[in-house]
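# A structural walkthrough
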Amino acid sequence: MSAERILRELSRLREGGQIAELVSNGREFVIYRGVPTGGSRLALPEMTDVIVPVPAGYPASPIDLAGLPVGSPFIGRTPGSQNNQGVHCVGGVNWQLASYHPHSNGGGPPWDQMIHGFHTYFDHLISWLERLV
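Read on for a plain summary of the structure. If you're wondering where the values come from, they're calculated on a predicted model, not measured in any experiment.

Thresholds, definitions, all that
- Residues numbered from 1 in each chain as written.
- Predicted model: local features only at pLDDT ≥ 70, side-chain atom pairs only at ≥ 80, totals over all residues.
- Heavy atoms only, no water.
- Core = buried A, V, L, I, M, F, W, Y, C linked by side-chain atoms within 4.5 Å.
- Buried < 20%, exposed > 50% of the residue type's maximum accessible area, 1.4 Å probe, protein only.
- Helix = DSSP H or I, 4+ residues; strand = E, 2+ residues; numbered from the N terminus.
- Contact = heavy atoms within 4.5 Å.
- Phe/Tyr/Trp six-rings, centres within 6.5 Å; stacked < 30°, edge-to-face > 60°.
- Pairing = 2+ DSSP bridges.

A separate point is the nonpolar core. Ranked by internal contacts, the top residues of the largest apolar core, which has 26 residues, are Val30, Tyr32, Val50, Val52, Phe118, Leu125 and Trp128. The dominant element in this core, judged by the number of residues it contributes, is helix 2 (residues 118-130), at six residues. Beyond its immediate sequence surroundings of up to four residues, Val52 is in contact with Phe29, Val30, Tyr32, Ile63, Asp64, Leu65, Ala66, Phe118, Tyr121 and Leu125. Formed by eight residues, the second largest nonpolar core is a distinct cluster that contains Val23, Ile31, Ile51 and Leu65.

Here it is as structure tokens:
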């Protein structure tokens, strides 16, 4: 994992007003704060926090998965969230990872470590949280 690279990517998000932080709990994660959702049309929150694990070998390994706080009203409504990929306690919050793979036949472009990163994954998270059922 390249912490320096991740911190640069998160800095780019911060410059645009998006808060995201690199955290460690025996494993590294990025937590995106206040990600916009399509929830208002369903009387659900308009924002939520999202956690994404840092893959081993990043950036050569693609970013994959996304998680929501356990008990989130978005679990079961976002693509892949009904497929629990494990629960992790990070920052005092229990997060449930969902089967979300935008760079592996999930609607996004193939992973390119020279272009993609945690700063571009944010766009996929917005799309993921917009497509609520």
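Glancing now at unusual backbone geometry. Omega for the peptide link from Tyr58 to Pro59 comes to 15°, which places this bond in the cis form. The backbone of Ala43 shows a phi angle near 60°, a positive value even though the residue is not glycine. Within the element layout of this structure, Ala43 appears in the loop between strand 2 (28-36) and strand 3 (47-53). For Ala43, a relative accessible area of 74% puts it in the exposed group. Positive phi outside glycine occurs at Leu65, with the angle close to 75°. By secondary structure assignment, the location of Leu65 is in the loop between strand 3 and strand 4 (66-69). You can call Leu65 buried: its relative accessible area is 14%.

Time to look at the packing of aromatic side chains. Two descriptors summarise a pair of aromatic rings, namely the distance from one centre to the other and the angle between the planes of the rings. Counted according to the given criterion, the structure contains five aromatic pairs. An angle of 55° between the planes, with centres 6.1 Å apart, marks the rings of Tyr58 and Trp111 as tilted. You can see Tyr58 sitting in the loop between strand 3 and strand 4 and its partner Trp111 sitting in the loop between strand 6 (93-98) and helix 2, a full 53 residues away along the chain. The residues Tyr58 and Trp111 share a single accessibility class, namely buried. Ring centres of Tyr58 and Phe118 lie 5.0 Å apart, and the angle between their planes is 55°; on these two criteria the pair is classed as tilted.

Quick look at the pairing of strand 1 (residues 20-24) now. Where strand 1 lies against strand 2, five bridges are found, and the strand directions are antiparallel. Its bridge partner lying in strand 2, Ser24 is registered against Glu28. Counting the residues between successive antiparallel strands, the hairpin from strand 1 to strand 2 contains three residues, one of them, Gly26, with a positive phi of roughly 85°.

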